[in-house]
Amino acid sequence: MVMTGALVPVAAMAAVLVVVAAVMEAAAAATYAVGAPDGLWDMQTDYAQWVKTKTFHPGDKITFTYSPELHDVVEVTEAGYCTCSSANNFSAFRIGNDVVALAAVGTRYFLCGLTGHCDNGMKIRVDVVASAPGPAAAGPASSAAAPPSANRWAAASAGIAAAAALLLPPAAVVARPLW
Ligand SMILES: *[C@@H]1O[C@H](CO)[C@@H](O)[C@H](O)[C@H]1NC(C)=O
Ligand SMILES: [Cu+2]
């Protein structure tokens with residue numbers, strides 16, 4: 001009697017929470033230590049192979065971990081990447097625990113600027129792709145107008161609203177809006 005009445009809303013709420021958790025997980029940004037777990041930013045890691053096991057989305061971060069006496073990190077153009085030249089670079093890092101935010105869709109190129117290291121394979125190409133099908137994928141990286149996190153929250157909110165509308169009785173939605 002009382003239990004039966006209470007179980008339905010509890011089950012519905014549990015189902016909503018499962019959907020919310022799934023939406024949140026899909027939107028969660030990730031941080032990747034370049035080269036991990038078998039290496040880091042070093043002369044041994046095959047970075048072309050390493051990136052194949054990852055999918056990078058706007059909002060993710062990559063970290064370069066290394067001894068600053070042995071290496072550095074220079075973000076370069078595609079041409080710089082191909083020729084191992086850091087002459088026309090975007091930025092250089094030499095702390096040894098350098099965090100790079102992958103803010104927008106596009107391709108980023110990094111190499112080690114120490115003599116010979118890039119030629120020995122110490123360079124990485126990172127493709128940042130859209131998180132979900134949508135208008136955010138259009139155009140080059142520089143055209144990204146809205147912060148990616150805003151788009152993600154909009155998508156997450158839409159998913160939560162859809163889940164709530166499906167699972168809660170209309171009266172409950174009217175009486176207790178979730179936001
Ligand atoms: C980065 O480019 C500037 C010129 O824009 C150059 O002076 C500097 O040496 C370059 N840095 C590296 C690490 O090559
Ligand atoms: Cu190096």
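Position numbers for residues count from 1 along each chain, tracking the sequence in the order it is written. By the order in which they are written, chains take letters starting at A while ligands take numbers starting at 1. Per-residue local features are limited, in this predicted model, to residues with pLDDT of at least 70; the limit for side-chain atom pairs, both in listing and counting, is 80 or more; totals at the level of whole chains, interfaces and linings are taken over all residues.

Looking at the overall build of the protein chain
Helix and strand content of the protein chain: 5 helices and 7 strands. Going along the chain from the N terminus, every DSSP run of H or I of four or more residues is numbered as a helix, and every run of E of two or more is numbered as a strand. N-terminal to C-terminal, the α/β element order of the protein chain is α-β-α-β-β-α-β-β-β-β-α-α. Exposed residues have 12 or fewer other C-beta atoms within 10 Å of their own C-beta, buried residues have 20 or more, and partly exposed residues fall in between, where C-beta atoms are placed from the backbone. For the protein chain, with 179 residues in total, the buried portion stands at 23%. A pair of residues counts as a contact when their C-beta atoms, built from backbone coordinates, are within 7 Å of each other. Looking at the protein chain alone, contacts between residues at least 24 apart form 70% of all its contacts between residues at least 6 apart.

A few points about the environment of Thr 77
Position of Thr 77 relative to the elements: it lies in the loop between strand 3 (73-76) and helix 3 (78-83). Exposure remark for Thr 77: the 15 C-beta atoms within 10 Å place this residue in the partly exposed category. The sequence separation of Thr 77 and Ala 87 amounts to 10 residues, and the corresponding C-alpha distance is 9.7 Å. Beyond its immediate sequence surroundings of up to four residues, Thr 77 is in contact with Asn 88 and Tyr 109.

Focus on the nonpolar core
In this structure, Phe 64, Val 73 and Leu 111 are the most contacted members of the largest nonpolar core, which totals 22 residues. When residues of this core are traced back to their parent elements, those giving at least two are strand 2 (61-65), strand 3, strand 6 (106-111) and strand 7 (123-128). With sequence-adjacent residues up to four places away left out, Phe 64 is seen in contact with Val 34, Trp 41, Val 73, Phe 93 and Asp 98. Think of a nonpolar core as buried Ala, Val, Leu, Ile, Met, Phe, Trp, Tyr and Cys residues, each tied to the set through C-beta atoms within 7 Å.

Regarding the site of ligand 1
We call a residue near a molecule or strand when the C-beta position, derived from backbone atoms, sits within 6 Å of it. Surveying the vicinity of ligand 1 reveals the residues Val 74, Ser 86, Asn 89, Ala 92 and Gly 113. Residue polarity follows a fixed list, in which Ala, Val, Leu, Ile, Met, Phe, Trp, Tyr, Cys and Pro are nonpolar, Asp, Glu, Lys and Arg are charged, and the others, Gly among them, are polar. Here the shell around ligand 1 is built from residues that sort into 2 nonpolar, 3 polar and no charged.

Regarding the sheet that holds strand 5 (residues 97-101)
Consider a sheet: its strands pair through backbone hydrogen bonds, and that pairing is either parallel or antiparallel. Here 3 strands make up an open sheet; going across it, the order is 1-2-5 and the pairing mixed. Only two strands of the sheet have a single partner each, and these edge strands are strand 1 (31-33) and strand 5. Adjacent strand axes in the sheet meet at a mean angle of 20 degrees, parallel and antiparallel pairs treated alike. A strand pair is defined by DSSP finding two or more bridges across the two strands. Bridging between strand 2 and strand 5 involves 5 bridges; their strand directions are antiparallel. Within strand 5, the position partnered with Thr 63 by the bridge is Val 99. Every axis in this analysis is a line fitted to C-alpha atoms, fitted for helices over the stretch in contact. Angles between the N-to-C directions lie between 0 and 180 degrees.

Considering the sheet that holds strand 7
Pairing is antiparallel across the open sheet formed by 4 strands, whose spatial order is 4-3-6-7. Of all strands in the sheet, those bounded by a partner on one side alone are strand 4 (89-93) and strand 7. When strand polarity is set aside, the average angle formed by the axes of neighbouring strands in this sheet is 25 degrees. Both strand 3 and strand 4 contribute to a ladder of 4 bridges, which runs antiparallel. Paired with Val 74 across the strands is Ala 92, a residue of strand 4.

Things to note about unusual backbone geometry
A cis amide bond, omega 5 degrees, links Ala 36 with the succeeding residue Pro 37. Looking at where Pro 37 falls in the secondary structure, it is placed in the loop between strand 1 and helix 2 (47-52). The phi torsion at Cys 84 lies on the positive side, around 55 degrees, for a residue other than glycine. In this fold, Cys 84 is placed in the loop between helix 3 and strand 4. Note on Cys 84: 19 C-beta atoms within 10 Å, which makes it partly exposed.

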